[in-house]
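Here are the chains, one letter per residue:
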Amino acid sequence: MAASLRRRTFLQASGGTALTLGLTGVPAARAAAGTAGTADAQEFAALRATWRDLVLGTGFSPTAEPFRTLLADLGASARGHLAAMAPTDGSLWPDAVWRDPEPDTDAESYAFSAMMNESYNRLSTLAQAWAQPGTGLTGDPAVLAAVLTGLDHLYARVYNEHTTRYGNWWNWQIGGPQTLMDICVLVHEHLPAERIAAYCRAVDHFVPDSVFDSYTGTSTGANRVDLCRSVILRSVVGENADRLARAVDALDPVFPYVTGGDGFYADGSFVQHRNVPYIGGYGSVLHDGVGRLMALLRTSRWPVDSPDAQLFLDTVENAIAPFVHNGLIMDNVSSRGISRVGTSDHTRAHALLATIVLVGQGASPEENARWRAMVKGWMHRDVYFPPLKNPKLSLVRAALLQSVLDDDAVKPAAEPVRHRLFHHMDRATHRRRGWCASVSMASERIAHYEYGNGEHARGYHTGAGWLSWWGDDFGLEQYADAYWPTVDPYRLPGITASRKPLADGEGGNWGQPMPAAAWVGGTTDGEFGATGQHLIGLSSTMNARKSWFWLDDAVVCLGAGITSTDGYAVETTVDNRALGTAGTPALTVDGRTQPDGQGVRRTFEDARWAHIAGHAGYVFPQGMRLGTVREERTGAWRDINTGGPTTPLTRRYLTLFTDHGADPVDADYAYVLLPGASARTTAQRSADRGWLRILANTGARQGVRVPRLGLTAVNFWSAGSAGQLSADAPASVLVREHRDGTATVVVSDPSRRATSLEVTWNRRVRTVLSKPATVTSATTGSALKLAFGDLTGLAGAPQRVRVRLG
């Protein structure tokens, strides 16, 4: 359609309102907004120019890849929106109706409010296609007319100071106003003062200063940052210095570490919605929001200069990096996000990597250099889905990442060798040169999972000891290829679960159910670790004690006290490997290759080891009744997210599990995961009876000794002894003997209930080299006796003691 005809169509559809805005093909004259003086107006104009760059990106060639394709795709999307735009009383597009016949806060109203937000998103696509070079719509007057008409249409009919919000609060206070203000920045010179004032009144109505009165409810963590961003952008567009200053000050509560509820913790944990680990979701949003606002305001009168801002910068390495591996961010810190079609652990990470580059621009030179090296390493190693091949990556983020790749002074950083315990959110990560792994747990402090907005309907066992792992150059697709809509949710890797059927969204909308389990956590010396979980099943009588001992090339997995009266079988899933649409890796059990046909099921009464070619080896030190299943599973994103498509998807899986039977009593299991090991190495490890000693595997204690590592670790579910270690109360204890004649003893109280604790190591010790203040006495000689005072206030944090051996 010709530009003039298209423009006339919009003017007629909106009752001629565009003419009243002065749209005559050239920028309309505009009076200065508010009472800002010339100097103020110039500063606000500079801020708008900075934000424009943050929306559109800078420093890239529109004719070079990937930007040429990204710009072309943006243009194509905009053309589609332009062609379909048909303003009516309750919508801008026929498939995006916002008018709610019964406005309230039920699920139906959530959907209507989301369509208001979606309408702004589509206008933003049009505005960006008009403002960006190389889209085929650059500077097109018909596109500009559509944007301005759309803005006025939305203001007149839904997003204004007279409307009472309905549906999801987020669309009115965060999604809608942020996108509205982004658009206003892009087309600012074409907006008369009265239109700007009107749009600002709408934001003031839905996002008043009162949202900052207390740091509670929906105004904490990432949500607080987003609310501040809504008001800061409104203030930049409307040139209101007072509101801008108030919103910048309102960021201050975000930066200090918290000891409960939402926010970052000193151990690197990040929690949102009271009890959900969310670094890959809200934590990423928080970082992106703060990073952009820091970049926007850095040289203005209103810089983000909270005295605690350095704590925020520290979270890049302390909280985010431990959950990023080779360009993906682990699903166990992304909650509902894993149920959204079109996203994956890789795509969520791609945006976050760009955020780290942006935040680094406001960090110290040393931090910035380290972070750029980390990002470059992750980008180089993401062989499954290279970030710059992500068609949904925004241009501004692509430009940031391209700048790192093009910087020859930046050398890719390798993944670290490190174990991290996040005792405030029931997660642990274990990183080695060739692989990494993480465990996801639930407790009386952290939810089994989160269900809300119709999302994550079958995530109920993601906190039941889900053990996820990836190789250095293999397995990166494990959770990225339609895993969540097709996997058996009762057979996630590592979990112990009752087969009792659970309803979609079990626990209720936003119920965020938590088990009545206190002992969840562990210890670490920074390289190796011991982690334990008292597991109580969701809506189930199933009860178990699970432990993981993290070594140099393996994870020792123990389970005991497995009991249930549900009337259903209880299973422990050793692993469940995603094989895509056609994978047929060889499965070997005790040296014999098994059939690879789909639907093949086998049970091995006393298996000693198993191996999946190209994946891992599995050793069963005490023998295991092992079940194996090859199957094709079909599901749809709609099954786990009401916003997803119903298109059926089929993927292959190879599952190893052990069936504890219906209503088991005190059942147990023991297996060793060897990521990336060959079949030969797995067989050799199985035959080597001396490399690993299982000291205990009961509902009272679980522990191991690995002589070649000088490692002894025991999870004491109750007082008692195992090997050379004893404790007079529940505790987690790890001992590491070093070649220089010293040893490290690490002790924690995961249940957070020990008002006193005594740990004994029956090993000759000459002297104590260092100890924390929590140690009230230390006796050396033929044995080391450590007495601890009240540990209840430490939230399960490990306490480290160094000694010299006798």
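Here, residues in each chain are numbered from 1, in the same order as that chain's written sequence. This being a predicted model, a pLDDT of at least 70 is required before a residue's local features are given, and a value of 80 or more before pairs of side-chain atoms are given or counted; all residues contribute to the totals for chains, interfaces and linings. Processing note: side-chain calculations cover all non-hydrogen atoms of the structure and skip hydrogens and water entirely.

Caption draft 1: Looking closely at the layout of surface pockets. Using protein atoms alone on a 1 Å grid, points that fit a 1.4 Å probe yet trap it form a cavity, whereas open point sets bounded by protein on both sides within 12 Å along at least five of seven lines form a pocket; residues with an atom within 4 Å of a point count as lining. Grid points are joined across faces, edges and corners, and a volume is the space filled by probe spheres set on the points. By volume, the second largest pocket amounts to about 300 Å³. Note on conventions: DSSP H or I runs of at least 4 residues are helices, E runs of at least 2 residues are strands, and numbering of each starts at the N terminus. Of all the elements in the fold, those that place two or more residues in the lining of the second largest pocket are α3 (38-56) and α15 (395-405). Counting residues per element, the lining of the second largest pocket draws most heavily on α15, at five residues. When its residues are assigned to classes, the lining of the second largest pocket shows eight nonpolar, seven polar and three charged. Note that Gly is not counted as nonpolar here; it falls among the polar residues with everything else outside the nonpolar set of Ala, Val, Leu, Ile, Met, Phe, Trp, Tyr, Cys and Pro and the charged set of Asp, Glu, Lys and Arg.

Caption draft 2: Expanded view of empty space enclosed by the protein. Taken as a whole, this structure holds six cavities of 30 Å³ or more when the rule is applied. The space that makes up the largest cavity amounts to roughly 130 Å³. In this structure, the largest cavity is lined by 19 residues; those nearest its centre are Asn332, Ser335, Arg427, Tyr449 and Thr462. Grouping the amino acids of the lining of the largest cavity by side-chain chemistry returns seven nonpolar, nine polar and three charged. Considering the residues around the second largest cavity, the lining is formed by Leu54, Asp288, Arg292, Ala351, Ala354, Thr355, Leu358, Val396, Arg397 and Leu400. Mapped onto the lining of the second largest cavity, the elements with two or more residues apiece are α11 (279-297), α13 (345-360) and α15. Considered class by class, the residues forming the lining of the second largest cavity number six nonpolar, one polar and three charged.

Caption draft 3: Spatial organisation of helix α7 (residues 169-186). The span expected for a helix works out to 1.5 Å for each residue beyond the first. With 18 residues, α7 should cover 26 Å at 1.5 Å per step; its first-to-last C-alpha distance of 25 Å lies within 8% of that length. Largest kink in α7: about 35°, centred on Gly176, with the proline Pro177 one to four residues after it. The buried label goes to any residue with under 20% of its type's maximum accessible area, the exposed label to any with over 50%, and the partly exposed label to all in between, with areas taken from a 1.4 Å probe on protein chains only. The element α7 is extensively covered by neighbouring structure, given that 17 of its 18 residues are classed as buried. Two N or O atoms count as a polar contact when they lie within 3.5 Å, although within protein this holds only if one can serve as hydrogen donor and the other as acceptor, and sequence-adjacent residues are included solely when both atoms are side-chain atoms. One side-chain oxygen of the residue at the start of α7 lies 3.0 Å from the amide nitrogen of Trp170, identifying that residue as Asn168. At every residue, the bend is computed as the angle between two fitted axes, covering the seven residues ending there and the seven beginning there respectively.

Caption draft 4: Representation of α3 in the model. With 19 residues, α3 should cover 27 Å at 1.5 Å per step; its first-to-last C-alpha distance of 27 Å lies within 8% of that length. Among the residues of α3, those classed as buried are Glu43, Phe44, Leu47, Arg48, Trp51, Leu54, Val55 and Leu56. Two residues or fewer past α3, Gly57 is found with a positive phi of approximately 90°.

Caption draft 5: Here's a closer look at the sheet that holds strand β32 (residues 784-788). The strand order across the open sheet built from five strands is β25-β26-β29-β32-β31, with neighbouring strands paired in antiparallel fashion. With partners counted over all chains shown, the strands left at the sheet margins are β25 (720-722) and β31 (775-779), one partner each. On average, each strand axis in the sheet is inclined to that of its neighbour by 15°, with strand direction left out of account. In this description, strands pair whenever DSSP reports at least two bridges between them. In the sheet, β25 pairs with strand β26 (residues 725-727) via three bridges, with the strands oriented antiparallel. What sits directly across from Gly720, in β26, is Ala727. Here an angle of 0 to 180 degrees is reported between the N-to-C directions of two axes, which are lines fitted to C-alpha atoms, with helices fitted over the stretch in contact.

Caption draft 6: Just the environment of Ala578, in detail. Its place among the elements puts Ala578 in strand β15 (residues 569-578). Taking C-alpha positions, Ala578 is 7.5 Å from Tyr479, a pair spaced 99 residues apart along the chain.

Caption draft 7: How the structure looks around the sheet that holds strand β1 (residues 263-264). The sheet built from three strands is open, its strands ordered β1-β2-β3 with antiparallel pairing. The outermost strands of the open sheet, each flanked by one partner alone, are β1 and β3 (276-277). Two strands pair when backbone bridges link them, and β1 and strand β2 (residues 270-272) are joined in this way by two bridges, in the antiparallel orientation. Looking at β2, one finds that Gly263 is bridged to Val271.

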